[in-house]
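Next come the chains, spelled out residue by residue.
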Amino acid sequence: MATESVMVDEIPFPPQITTTKPLSLLGHGITDIEIHFLQIKFTAIGVYLEPEIVGHLQKWKGKPGNELAENDEFFEAVISAPVDKFLRVVIIKEIKGSQYVVQLESEVRDRLAEIDKYEEEEEEALEKIVEFFQSKYFKKNSVITFYFPATSGTAEIVFATEGKGESKINVGNANVVEMIKKWYLGGTRGLSPTTISSLANNLSAELSK
């Protein structure tokens, strides 16, 4: 295993982290928008998965990464595989927590409404997440992590910023948790095309070993 950090837009990501077991950095990328031909980068993203995930993706063995990046069924399998998943999101351009969470909230809500799963419980779970981020200020190099344990439909979200320590929230609503995963890892509808492409290429390489 490589021990050197992987640089994502000048931000170092460790090649491995440990939750209940070691997870490998299998995808990374950025979120950005273009305004008047200027690329504005907001966050760098690292996706950590248990290496065992390849055992659940054998159906796609031999497929090239660019093909997998376009295959939403493949990413459904990645999301539903019973392995630990961990997202590390590092802020490149400072914004208010309220700006970040309004995007998360509308994505999750719209995706749940689409499949008729947006009920009172989901609304309450989302409100708690909004409340959690609302008052925060995302300075450059602040870190948001999402930890999705293998066997439960829960998520632990942690926010850490220099000089302020960490704050965390647990999300127990499985529908909301699934849509957060889909927001970040959902193939062609994922938030960051560069991350999806990197994940597809790396998993393709792992599958061909």
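Whatever comes next refers back to the structure up there.
Read on for an overview of the structure. Numbers given to residues run from 1 along each chain, matching the order in which its sequence is written. Only residues with pLDDT of at least 70 are given local features in this predicted model, and only at 80 or more are side-chain atom pairs given and counted; all residues enter the totals for whole chains, interfaces and linings. No hydrogens and no water enter the side-chain calculation; it runs on all heavy atoms of the structure.

**Describing the packing of helix 2 (residues 72-80) against helix 5 (residues 174-185)**
The description of two packed helices rests on the angle between their axes and on the distance between the axes. Packing of helix 2 against helix 5 brings their axes to within 10 Å, and their N-to-C directions diverge by 130 degrees. What the angle tells us is that helix 2 and helix 5 run oblique. Crossing geometry of helix 2 relative to helix 5 is assigned as right-handed. Facing helix 2, whose interface residues are Phe75, Glu76 and Ile79, helix 5 presents Lys181, Lys182 and Leu185. Polar here means any residue outside two lists: the nonpolar Ala, Val, Leu, Ile, Met, Phe, Trp, Tyr, Cys and Pro, and the charged Asp, Glu, Lys and Arg; Gly therefore counts as polar. Of the residues that constitute the contact of helix 2 with helix 5, the class distribution is 3 nonpolar, no polar and 3 charged. Here the axes come from fitting lines to C-alpha atoms, over the contacting stretch only for helices, and the angles between their N-to-C directions go from 0 to 180 degrees. Helix and strand definitions follow DSSP, with helices as H or I runs of at least four residues and strands as E runs of at least two, each counted in order from the N terminus. Any angle between 65 and 115 degrees counts as roughly perpendicular, while under 35 counts as roughly parallel, over 145 as roughly antiparallel, and the rest as oblique. By convention, the crossing between two helices is left-handed when the near helix turns anticlockwise from the far helix through less than a right angle, and right-handed when the turn is clockwise. Whether two residues are in contact is decided by their heavy atoms: any pair within 4.5 Å suffices.

**Some thoughts on the sheet that holds strand 3 (residues 16-18)**
Think of it this way: DSSP has to see at least two bridges between two strands before they count as a pair. Spatially, 3-4-5-6-9-10-11 is the arrangement adopted by the 7 strands of the open sheet, whose pairing is antiparallel. Bordering the open sheet on either side are strand 3 and strand 11 (165-171), each of which pairs with just one other strand. Across this sheet, the average inter-strand angle for adjacent strands is 25 degrees, counted without regard to direction. Here strand 4 (residues 22-35) runs beside strand 5 (residues 38-49); their pairing, made up of 11 bridges, is antiparallel. By the bridge assignment, leucine 25 is partnered in strand 5 with tyrosine 48. Here helix 4 (residues 120-134) sits on the sheet and contacts strand 9 (143-148), strand 10 (155-161) and strand 11; the angle it forms with strand 11, its principal contact strand, is near 170 degrees. Along the sheet, helix 5 makes contact with strand 5, strand 6 (85-91), strand 9, strand 10 and strand 11, crossing strand 9 at roughly 120 degrees.

So, to be careful, I would describe these as geometric facts and stop short of saying anything about function.
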